[in-house]
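Report on the structure
Here's the letter readout for the chains.
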Amino acid sequence: HESYKGFEIEQCKRHEPCSMPLYHFHDSYEIFYLLSGNRNYFINDRTYKVEKGDLVLINKGHLHKTTYGGSLMHERILIIFDEAYIQGISSLSADIDLLQAFHQNANLIRLQKAEQATVERYLFNIIKETKGKDSGHETYVRLAMGELLIFITRKATRTHSTSGANGNHMHGKISEIILYLNTHYMKKITLESISEDF
């Protein structure tokens with residue numbers, strides 16, 4: 001786990017099934033890249049089946065969590081950054097909105113083999129620079145983030161995102177319930193009323 005002000009990156013490998021217990025959200029943007037294994041990713045009212053080489057984008061303020069996807073082991077890289085961090089890069093990129101993919105809710109981006117290699121090169125270079133702390137490492141990381149976000153924006157624009165939504169009936173029902181809760185959170189909702197409706 002390495003971090004600067006407004007930016008952090010973490011590579012994690014787990015050798016046993018695991019699931020996040022609770023939904024959460026934050027005031028930052030997230031990029032999740034799965035190096036190996038499978039995960040289920042719940043984002044707002046949708047469920048995505050995430051496979052090796054997939055990118056997941058989480059917009060700020062969106063409810064999300066990951067759960068066991070069927071493989072005992074998985075490895076992922078997670079980047080979390082805030083708007084202030086990206087503004088420094090955005091001032092150099094007047095011809096592209098670096099956060100466009102997040103704003104158009106391109107939650108799951110499925111990459112081809114060559115694209116996976118490109119993304120992994122960006123990610124591992126960022127990790128190497130944050131750990132090495134050579135002169136100019138903060139500038140290098142910021143510029144590499146700019147390159148990664150340009151790649152993501154171009155890919156999301158070309159493919160309009162992969163739906164990736166899980167077709168499993170139970171996941172579909174859970175998505176229905178979450179959508180209902182997101183829409184009616186101001187009302188008094190009980191477990192009994194949810195049970196009757198769904």
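Residues numbered from 1 in each chain as written. Predicted model: local features only at pLDDT ≥ 70, side-chain atom pairs only at ≥ 80, totals over all residues. Heavy atoms only, no water.

1. Examining the overall build of the chain
Rules: The helix count covers DSSP runs of H or I at least four residues long, the strand count covers runs of E at least two residues long, and both are numbered beginning at the N terminus. Computation of the radius of gyration draws on C-alpha atoms alone. For the globule rule, the value is 2.2 Å times the number of residues to the power 0.38. Accessible area is worked out with a 1.4 Å probe on protein chains only. A residue is then buried under 20% of its type maximum, exposed over 50%, and partly exposed in between. All accessible-area figures derive from a Shrake-Rupley calculation using a 1.4 Å probe, and residue coverage is judged against the displayed protein chains alone. Charge counting follows a simple rule: Lys and Arg are positive, Asp and Glu are negative, and His as well as the terminal groups are ignored. In this description, the location of a charge corresponds to atom NZ of lysine, CZ of arginine, CG of aspartate or CD of glutamate.
In terms of regular secondary structure, the chain is built from six helices and nine strands. Taking 2.2 N^0.38 as the reference for a compact globule, 198 residues should give roughly 16 Å; the C-alpha atoms of the chain span a radius of gyration of 18 Å, in line with that estimate. Expressed as lengths along the three principal axes of its C-alpha atoms, the size of the chain is roughly 60 × 35 × 30 Å. Classification of the 198 residues of the chain by burial places 44% in the buried group. Just so you have it, the chain exposes about 10700 Å², and 53% of that area is on carbon and sulfur atoms. Of the side-chain charges in the chain, 23 are positive and 24 negative, and the distance between the mean point of each set is 4 Å.

2. Looking at the environment of Y29
The condition that has to hold: Pairs of residues are marked as contacts when any of their non-hydrogen atoms sit within 4.5 Å. Any pair of N or O atoms that falls within 3.5 Å is considered a polar contact. Within protein, one atom must be able to donate a hydrogen and the other to accept it, and sequence-neighbouring residues count only if both atoms are side-chain atoms.
With respect to the secondary-structure elements, Y29 resides in strand β3 (residues 29-36). Residues Y29 and K128 lie 99 residues apart in sequence; the distance between their C-alpha atoms is 21 Å. Setting aside its immediate chain neighbours within four residues, Y29 contacts I58, N59, K60, I79, I80, F81, E83, L99, F102 and H103. At 3.4 Å, the side chain of Y29 forms a polar contact with the side chain of E83.

3. Some words on the sheet that holds strand β9 (residues 108-110)
What counts here: Strand pairing is assigned whenever DSSP identifies at least 2 bridges connecting the two strands. Note on geometry: axes are lines fitted to C-alpha atoms, helical ones only across the stretch in contact, with angles between N-to-C directions running from 0 to 180 degrees.
What the six strands build is an open sheet, ordered β1-β2-β8-β3-β6-β9; its pairing is antiparallel. The open sheet has two edge strands, β1 (2-4) and β9, and neither has a second partner. Across the sheet, the mean angle from the axis of one strand to that of its neighbour is 15 degrees, orientation sign disregarded. Direction of pairing for strand β2 (residues 7-14) relative to strand β8 (residues 74-81): antiparallel, over a ladder of eight bridges. Bridging from a neighbouring strand, E8 pairs with I80 of β8.

4. A closer look at the nonpolar core
Cut-off, in case you're wondering: To define a nonpolar core, start from buried Ala, Val, Leu, Ile, Met, Phe, Trp, Tyr and Cys residues and group those joined through side-chain atoms within 4.5 Å.
In this structure, F7, I31, I79, F81, M145, L148 and I152 are the most contacted members of the largest nonpolar core, which totals 35 residues. If you list the elements that add at least two residues to this core, you get β2, β3, β6 (54-58), β8, α1 (83-90), α2 (100-103), α3 (113-132) and α4 (137-159). A per-element tally of this core places α4 first, with eight residues. Apart from residues no more than four positions distant in its own chain, I152 is found in contact with I31, L55, L57, A101 and I109.

5. Some words on the packing of α3 against α4
Worth spelling out the cut-off: Any angle between 65 and 115 degrees counts as roughly perpendicular, while under 35 counts as roughly parallel, over 145 as roughly antiparallel, and the rest as oblique. Each crossing is labelled by how the near helix is turned from the far one, with a counterclockwise turn of less than a right angle marking it left-handed and a clockwise turn marking it right-handed.
At a minimum axis separation of 9 Å, α3 and α4 run at an interaxial angle of 160 degrees. It follows from the interaxial angle that α3 and α4 lie roughly antiparallel. Of the two possible hands of crossing, α3 and α4 adopt the one that is left-handed. From α3, E115, T118, V119, Y122, L123, N125, I126, E129 and T130 reach across to α4, where they touch H137, Y140, V141, A144, M145, E147, L148, F151, K155 and R158.

6. Let's talk about the side chain of Q116
Note that Q116 resides in helix α3. Assessed through its relative accessible area of 10%, Q116 is described here as buried.

So far we have only geometry, and geometry alone does not tell us how the molecule works.
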